[in-house]
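# Structural overview
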Amino acid sequence: MSQADWALALTIGIGLALRGLGLLLGGALRPDHPAIAWASAVSVATLAAFVTLAIAVPSGLLATVPLPARLAGLAAGGLAFWLLRGRLLPAMAAGLAALLLVRLIAG
Amino acid sequence: MSAGAARQGAAQALGAPALAMGATFLAFGAAVAEAGLSLGWALICTGAVYGMAGQLVLLQVAAGGGAALPATIAATAANARFLPMAVAIAPLLGRAGRRWWALPFIAITPWAAGMRVLPTLPEPARLPWFLGFALASWYVALLTTAAGHLAAPHLPAELRAALLFANPLYFCLLLAADARRPGVGPALLAGVLAAPLAYGLGGAWGLPLAGLVGGTLAFLWGRWR
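Residues numbered from 1 in each chain as written. Chains lettered and ligands numbered in written order. Predicted model: local features only at pLDDT ≥ 70, side-chain atom pairs only at ≥ 80, totals over all residues. Heavy atoms only, no water.

So, on to the interface of chain A and chain B. By a widespread convention, an interface's size corresponds to the accessible area lost as its parts come together. With 66 residues of chain A at the contact, the number on the chain B side is 80 residues. In total, about 6,300 Å² of surface goes out of reach between chain A and chain B, with carbon and sulfur atoms giving 82% of it. The largest per-residue losses of area from chain A upon contact with chain B belong to A:Arg19, A:Leu23 and A:Phe50, which jointly make up 13% of the total buried on that side. On the surface where chain A and chain B come into contact, there are 0 salt bridges. The interface formed by chain A and chain B contains 8 residue pairs in polar contact (both at pLDDT 80 or more). For the side of chain A that touches chain B, the secondary structure elements donating two or more residues are α1 (3–25), α2 (34–56), α3 (67–83) and α4 (88–106) of chain A. (Contact = heavy atoms within 4.5 Å. Buried area = accessible area lost by both parts, 1.4 Å probe. Salt bridge = Lys/Arg side-chain N within 4 Å of Asp/Glu carboxyl O. Polar contact = N/O pair within 3.5 Å; in protein donor to acceptor, adjacent residues only side chain to side chain. Helix = DSSP H or I, 4+ residues; strand = E, 2+ residues; numbered from the N terminus.)

Let us now look at empty space enclosed by the protein. All names here are of chain B. Across all of its chains, the model carries 2 cavities of 30 Å³ or more by this definition. Taken as a whole, the largest cavity holds about 150 Å³ of empty space. What lines the largest cavity is a set of 17 residues, and nearest its centre among them are Gly51, Met52, Ala53, Ala107 and Ile108. Among the elements of the structure, α2 (16–34), α4 (52–63), α6 (82–89), α8 (108–117) and α10 (157–178) are those that each provide at least two residues to the lining of the largest cavity. When its volume is computed, the second largest cavity comes out at roughly 50 Å³. (1 Å grid on protein atoms, 1.4 Å probe; cavity = no way out; pocket = protein on both sides within 12 Å on 5 of 7 lines; lining within 4 Å. Points joined across faces, edges and corners; volume = space filled by probe spheres on them.)

Structural data, given as structure tokens:
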């Protein structure tokens, strides 16, 4: 097995364990218990750091998209999400369309 | 009542949630193909990890040549929300024995729908409704992952790059929408501020360490205030 396969197998196992632990604790622990709050905070922070890196300094094929196009996609998606009161799909479509448009204009 | 509730759940899953979620799994399938990993890897990841945040982090670290341990820690940190999500939804899924059927499907889309709809249903209908919704969502996720993986090599590079942008954008919007919930805003800000740390440290350990440091500081900030 490759490292990617091992990582996948371990992530599956730990993910099931986390869900199982949550089902066991449900009813015993309040959702605002400090341990639960800490796990939530780490989860949000990791995701926020990942998204920041993916937009600011992406790797792979996304790195070929100029920064202004990525920022335009983010701004258009955010604006559409706000104007459309939280409708995800049209907001994502607006963001991707803006990214493609700015990339086309910028060459 | 059980079959009817399950059908209702499935029908609701196949509306707007399936479209929004399907778009992200389509992008994930394309990203896995882009990273040179197999369709089987993509399907097992979607079917068994079934948490897009962790899937993306896992893909980034593992496909970048990272070792299994940091990739697992980073993906687990990104999906650590499984724990509070399961704690919150457990009482709505009925008595302890039967609720285990829901275990593999506790993920953001079924969870958010379940938290909204389950309290409005009579207790015997809750678990069947959740399983109907979750199974329909899960099949959509698998189908769109396969479609993304198979279509990616045939798309022009510009479109593939745009597709890869879909997931960071999706999570950016979700995080922004969640920012007003208690505890989320500081953790979100701490994660953004910790991103340079992840970048500076680089390698496979950068992201999990940044998430751990940022999340812990945000948690302590919330307790101290």
